Amino acid sequence: MNKTINDPWIKLSGCLRQEDYDLIHLLQLHCSKEDQITLKLELDYKLSDAANGADKVNIHNINEFMYFSGAQLVGYLGVSAFGGTSAPLEITGMVHPNYRRQGIFSKLFELALSECRRRDTGSVLLLCDRNSASGQTFLEKAGAAYSVSEFEMYLQDDTAEVNKRRMCDISFRKATNADAFEIARQNAIYFGDRFDEENENIPLPEDEEKRGMTIYLTKKDDQLVGKVNLQLTNGLGGIYGLGVLPEHRGKGLGRAILLGAIEKLKAANATEIMLQVAAENAAALNLYKSCGFRETSIMDYFELG
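Residues numbered from 1 in each chain as written. Predicted model: local features only at pLDDT ≥ 70, side-chain atom pairs only at ≥ 80, totals over all residues. Heavy atoms only, no water.

Student: How should I be thinking about helix α4 (residues 133-141) in this particular structure?
Tutor: Residues separated by three or four positions in an α-helix point in the same direction, a consequence of the helix having 3.6 residues per turn. Residues of α4 that are buried include every one of G135, Q136 and L139, and no others. For α4, the buried positions fall inside an angular range of 100° around the axis, keeping them on one side. Of the exposed residues in α4, the ones pointing more than 90 degrees away from its buried face are A133, E140 and K141. Buried residues along α4 sit in contact with β5 (124-129) and β12 (293-304). Downstream of α4 by one or two residues, G143 has phi in the positive range, about 80°. (Buried < 20%, exposed > 50% of the residue type's maximum accessible area, 1.4 Å probe, protein only. Helix = DSSP H or I, 4+ residues; strand = E, 2+ residues; numbered from the N terminus. Arc of directions from axis to C-beta. Contact = heavy atoms within 4.5 Å.)

Structure follows, in structure tokens:
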């Protein structure tokens with residue numbers, strides 16, 4: 001029997017191409033507006049990976065799972081890997097509201113989970129907006145265990161100018177590949193990432209910059225005090241991975257690094273500035289609020305062993 005124009009079919013890919021990006025982004029906008037939720041798909045990061053030839057590495061891995069009805073993309077699920085080969089894989093996705101309750105997401109999830117287990121990377125994290133009733137229900141049925149939550153926050157009160165005098169003469173230096181182990185060491189301190197000096201597969205700052213994420217080491221009085229990652233995509237500035245080394249805490253340096261990061265993004269013509277913070281990190285949450293950031297959504301992380 002010949003296929004009809006609306007026959008369903010699935011497309012699998014190791015990397016994100018521009019034509020797929022465009023379709024996924026349109027579906028993301030529609031689902032976000034319809035459901036009033038945030039979808040953390042990391043599309044721009046993945047697209048830059050493909051543009052910089054990252055698809056030539058691990059060519060047997062599948063990261064993009066797309067479900068079509070004829071020419072229309074109606075379902076998507078993506079696998080993301082951050083923090084090196086020892087970090088857990090992250091899965092998130094969506095289905096067009098008009099095509100739900102047809103088993104589309106279940107099929108994509110089955111394929112993605114099989115792929116994650118084939119890689120044998122250990123745990124798998126599933127991401128879902130707190131306000132996504134369908135997503136939360138699906139994860140409960142899948143037997144996923146709640147792990148942590150993360151606030152997404154946007155700069156809404158422009159207090160940076162008022163606080164500029166409190167920047168403590170912090171200096172920023174763009175990290176190079178020679179700083180890779182220092183960055184990995186700091187991430188282990190701040191976020192509990194695994195750190196092994198023998199591991200040769202840690203992310204390289206210059207590779208991260210090609211993907212749009214620039215890492216800065218911060219100093220005061222010629223002493224290394226912390227780090228921060230900055231990203232600018234289509235006018236949206238992002239602040240990630242901010243931390244102060246334990247021996248330098250309690251001196252207002254976290255605020256100084258944050259304000260300096262805001263200034264850098266503004267100088268790069270960011271029209272909006274956002275960040276993400278673990279819900280249980282009360283100190284960081286209060287700091288960000290005091291500098292004008294307000295919560296816009298909550299992303300829950302669930303774990304599958």
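Student: Would you mind showing me how to read the side chain of D300 here?
Tutor: Assignment of secondary structure puts D300 in strand β12. Note on D300: relative accessible area 2%, which makes it buried. At a separation of 2.6 Å, a polar atom in the side chain of D300 contacts the side chain of R130. Looking at D300, its side chain comes within polar contact range of the side chain of S149, at 2.5 Å. (Polar contact = N/O pair within 3.5 Å; in protein donor to acceptor, adjacent residues only side chain to side chain.)

Student: Would you take a moment to explain the sheet that holds strand β2 (residues 64-69) for this structure?
Tutor: Paired through backbone hydrogen bonds, the strands of a sheet run either parallel or antiparallel to each other. With mixed pairing, the twelve strands of this open sheet are ordered in space as β1-β2-β3-β4-β5-β12-β6-β11-β10-β9-β8-β7. Looking at strand neighbours, the two that pair on one side only are β1 (8-13) and β7 (171-174), the edges of this open sheet. With strand direction ignored, the average angle separating the axes of adjacent strands in the sheet is 25°. Bridging between strand β9 (residues 223-233) and strand β10 (residues 236-244) involves seven bridges; their strand directions are antiparallel. Counted as the bridge partner of N229 is Y240 from β10. Helix-sheet contacts for α4 involve β5 and β12, and the interaxial angle to β5 is about 150°. The sheet strands contacting helix α6 (residues 180-191) are β8 (213-220), β9 and β10, and the helix crosses β9 at an angle near 90°. (Pairing = 2+ DSSP bridges. Axes fitted to C-alpha atoms, helices over the stretch in contact; angles between N-to-C directions.)

Student: Any chance you could explain the pairing of strand β11 (residues 272-278) here in plain terms?
Tutor: Side chains on a regular strand alternate between the two faces of the sheet. Within β11, five of the seven residues are buried, which leaves it mostly tucked inside the rest of the structure. Sheet topology note: the strand β6 (residues 145-155)/β11 ladder contains five bridges and is antiparallel. Across the sheet, the residue bridging to M153 is L275, located in β11. Relative to β11, β10 runs parallel, the two being bridged by four bridges. Bridge pairing in β11 links G238 to M274.

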